[in-house]
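# Results of the structural survey
Now for the letters of each chain:
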Amino acid sequence: MLGEQADFTVELNLIADAGLIGLPNAGKSSLLNALTRANAKVASYAFTTLDPNLGALAGGYILADIPGLIEGASLGKGLGHKFLKHVKRTKMLLHLVSLENEVAGPKGMEEAYKAVRGELEKYGNGLAEKSEVIILTKTDLVDAKAVTAARKALKKLNPDILEVSVLYDASVKKIGEEIVQLLRK
């Protein structure tokens, strides 16, 4: 009996409950490691992460560390489409913005946020419509006044803002609990 033969491409549409997105060196891999005990490579240079890393958060929620997005990613710059394709496979976006950008003042924080948001919008495929929370990272690098200024600047763009320093266990525990609450909704 003769059968039929065909080639198929199968694509997994959902790999994680939440995707950690942001510019290179925003602290995505560090946060994933701290929250899930993943072993993602961490270094002080851009594009340390070349492929998504996954980790299991309390409650069995899966987090994906998406490699850093840069301006022009939607047009294929860097690894562009490859990275954005992974963002499409998450239910929710956790948009990490490093307080290192605060050096340029509130405008630096807004520009860092808008650069990634712009690429999500240009790529399309519903990425800009996904539920999103901003996470201010590296809070240990600045004083409380700078964190407050960053929150104020970004609140105009997205009212859902959390903060974390992966150097402090209490901070990591708190944000882990907050993320789990968001994912339960």
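For the structure given in this document, a descriptive report is provided here.

Conventions we followed
Residue numbers restart at each chain and count upward from 1, following the sequence in its written direction. Per-residue local features of the predicted model are confined to residues with pLDDT of at least 70, and side-chain atom pairs are confined, for both listing and counting, to 80 or more; whole-chain, interface and lining totals are unaffected and use all residues. Hydrogens and water molecules were not included; the side-chain quantities draw on all heavy atoms of the structure. A run of H or I in DSSP counts as a helix once it spans at least four residues, and a run of E counts as a strand once it spans at least two, with each numbered from the N terminus. The contact criterion used throughout is that any non-hydrogen atoms of two residues lie within 4.5 Å. When DSSP finds two or more bridges between a pair of strands, those strands are recorded as paired. Axis definition: a line fitted to C-alpha atoms, over the contacting stretch in the case of helices. Angles run 0 to 180 degrees between N-to-C directions. An angle counts as roughly parallel when it lies under 35 degrees, as roughly antiparallel when it exceeds 145, as roughly perpendicular when it falls between 65 and 115, and as oblique in every other case. Lys, Arg, Asp and Glu make up the charged group, whereas Ala, Val, Leu, Ile, Met, Phe, Trp, Tyr, Cys and Pro make up the nonpolar group; the residues left over, Gly among them, are polar. Whether a residue is buried, partly exposed or exposed follows from its accessible area with a 1.4 Å probe, protein chains only, as a fraction of its type maximum: under 20%, in between, or over 50%, in that order.

### Observations concerning the environment of I161
You can see I161 is positioned in strand β6 (residues 161-163). The sequence separation of I161 and H95 amounts to 66 residues, and the corresponding C-alpha distance is 9.3 Å. Sequence-distant contacts of I161, defined by excluding residues within four places in its chain, comprise I134, L136, R151, L154 and K155.

### Things to note about the pairing of strand β2 (residues 53-56)
Here β2 runs beside strand β3 (residues 62-65); their pairing, made up of 4 bridges, is antiparallel. Among the inter-strand pairings, A56 is bridged to a residue of β3, identified as I62. Two successive antiparallel strands, β2 and β3, enclose a turn made up of 5 residues, where G59 displays a positive phi of approximately 85 degrees.

### Overview of the sheet that holds β6
Here we have 6 strands laid out as an open sheet, ordered β2-β3-β1-β4-β5-β6, and mixed in their pairing. The open sheet has two free edges, formed respectively by β2 and β6, since each of these has just one partner strand. The average angle at which neighbouring strand axes cross in this sheet is 25 degrees, direction not considered. Packing of helix α4 (residues 144-155) onto the sheet brings it into contact with β4 (90-98), β5 (131-137) and β6, and relative to β6 it is tilted by some 155 degrees. Lying over the sheet, helix α5 (residues 169-184) contacts β1 (16-21), β3, β4, β5 and β6, oriented at roughly 150 degrees with respect to β6.

### Quick look at the packing of helix α1 (residues 28-36) against α5
With their axes 10 Å apart at the nearest point, α1 and α5 run at an angle of 85 degrees to one another. Comparing their axes, α5 and α1 come out roughly perpendicular. Across the interface between the two elements, L31, A34 and L35 from α1 touch V172, I175, G176 and I179 from α5. For the contact of α1 with α5, the per-class residue count stands at 6 nonpolar, 1 polar and no charged.

### Re unusual backbone geometry
We note that N25 has phi near 65 degrees; this positive angle belongs to a residue other than glycine. If you trace the backbone, N25 turns up in the loop between β1 and α1. A residue is classified by how much of its surface remains accessible, and N25, at 30% relative accessible area, is partly exposed. A positive phi angle, close to 60 degrees, is found at K138, a residue other than glycine. Here K138 lies in the loop between β5 and α4.

### Some thoughts on the environment of L93
For L93, the position within the fold is in strand β4. On a C-alpha basis, the gap between L93 and I134 in space is 8.4 Å, while along the polypeptide they are 41 residues apart. With near-sequence residues (within four places) excluded, L93 lies in contact with G19, I21, V87, L120, L127, K130, S131, E132 and V133.

### What to know about α1
Since the α-helix packs 3.6 residues into each turn, any two residues three or four apart lie on the same face. Within α1, 7 of the 9 residues are buried, which leaves it mostly tucked inside the rest of the structure. Taken residue by residue, α1 has K28, S29, L31, L32, N33, L35 and T36 as its buried positions. Of the surrounding secondary structure, the elements contacted by the buried residues of α1 are β1, β2, β3, β4, β5 and α5. One or two residues past the end of α1 sits R37, with phi positive at roughly 65 degrees.

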